[in-house]
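Chains, contacts and geometry: an overview
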Amino acid sequence: MRLMRVAGAMIVGSFMLAQPSQAMPADAQRPDNAESVAIGKRVAQQHCGGCHAIEAGGASPNPRSPPFPLIAERYPGGNPAPVLIDGTVVRHPGMPEFSLIEHETDGLVAYIRRVSRLWKPAS
């Protein structure tokens, strides 16, 4: 049994090493980072759009789920990162648990900030 666990760990470890790096720049959570915002939008479409309105306007499919433009406003400085920082989001009953890797978390933060009513593009 122990040998099987060691072998499994080695396989997983070698798979992780073979994956391309997804390092994001220091400004990955900024709403003006187009690459991050694109990643975040894909994450939002995959994990969030079934309940939340993920665009800048519109109503959420689930009326109890706040639209993305309002989510950033709930956190100091318009920063929803504290609830996403570990890559797992579980906020209330009925909200599915999901895990994200670092660049997806950064992207989702950037995207939520981008669709927020608080965000103003740089002049």
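The structure displayed is predicted, hence computed values, not measured ones.

1. A few points about the overall build of the chain
Within the chain, the regular secondary structure consists of five helices and two strands. Its helices and strands taken in sequence order, the chain reads α-α-α-α-β-β-α from the N to the C terminus. Counting the 123 residues in the chain, one finds 36% classified as buried. Counting contacts in the chain only where the partners sit at least 6 residues apart, residues at least 24 apart contribute 54% of the total.

2. Considering helix 5 (residues 102-115)
Here helix 5 is 14 residues long and its end C-alpha atoms lie 20 Å apart, about the 20 Å a rise of 1.5 Å per residue gives. Counting buried residues along helix 5, eleven of its 14 residues qualify, which places the element largely inside the surrounding structure. Among all positions of helix 5, only His 103, Thr 105, Asp 106, Gly 107, Leu 108, Val 109, Ala 110, Tyr 111, Ile 112, Arg 113 and Val 115 are buried. Its buried side turned inward, helix 5 meets helix 2 (34-47), helix 3 (68-71) and helix 4 (81-84).

3. Focus: the nonpolar core
Residues Ala 44, Phe 68, Leu 108, Tyr 111 and Ile 112 are the most contacted members of the largest nonpolar core, which totals 20 residues. Going through the elements one at a time, helix 2, helix 3, helix 4 and helix 5 are the ones with two or more residues in this core. Ignoring anything within four residues of it in the chain, the contact list for Ala 44 reads Gly 49, Ile 54, Phe 68, Leu 108 and Tyr 111.

4. A word on the environment of Gly 77
Mapped onto the fold, Gly 77 is located in the loop between helix 3 and helix 4. Distance from Gly 77 to Arg 113, taken between C-alpha atoms, is 9.9 Å for residues 36 residues apart in sequence.

5. Examining the environment of Glu 104
With respect to the secondary-structure elements, Glu 104 resides in helix 5. Considered as a pair, Glu 104 and Gly 40 are 64 residues apart in the sequence and their alpha carbons are 6.1 Å apart. Non-local contacts of Glu 104, meaning those with residues more than four positions away in its chain, are made with Ile 39 and Val 43.

6. Quick word on the confidence of the model for the chain
Taken over all residues, the pLDDT of the chain has a mean of 76, while the share at 70 or more is 72%. Low pLDDT, under 50, characterises residues 1-21; the stretch is placed with zero contacts to residues that sit more than four places away or in other chains.

7. Quick notes on the side chain of Ser 116
Within the secondary structure, Ser 116 sits in the segment after helix 5. By relative accessible area, Ser 116 is classed as buried at 6%. Reaching out from Ser 116, the side chain makes a polar contact with the backbone nitrogen of Leu 118 at a distance of 2.9 Å. With sequence-adjacent residues up to four places away left out, Ser 116 is seen in contact with Pro 69, Ala 72 and Glu 73.

What counts, and where the lines are drawn
- Residues numbered from 1 in each chain as written.
- Predicted model: local features only at pLDDT ≥ 70, side-chain atom pairs only at ≥ 80, totals over all residues.
- Heavy atoms only, no water.
- Helix = DSSP H or I, 4+ residues; strand = E, 2+ residues; numbered from the N terminus.
- Buried < 20%, exposed > 50% of the residue type's maximum accessible area, 1.4 Å probe, protein only.
- Contact = heavy atoms within 4.5 Å.
- Expected span 1.5 Å × (residues − 1).
- Core = buried A, V, L, I, M, F, W, Y, C linked by side-chain atoms within 4.5 Å.
- pLDDT = per-residue confidence, 0-100.
- Polar contact = N/O pair within 3.5 Å; in protein donor to acceptor, adjacent residues only side chain to side chain.

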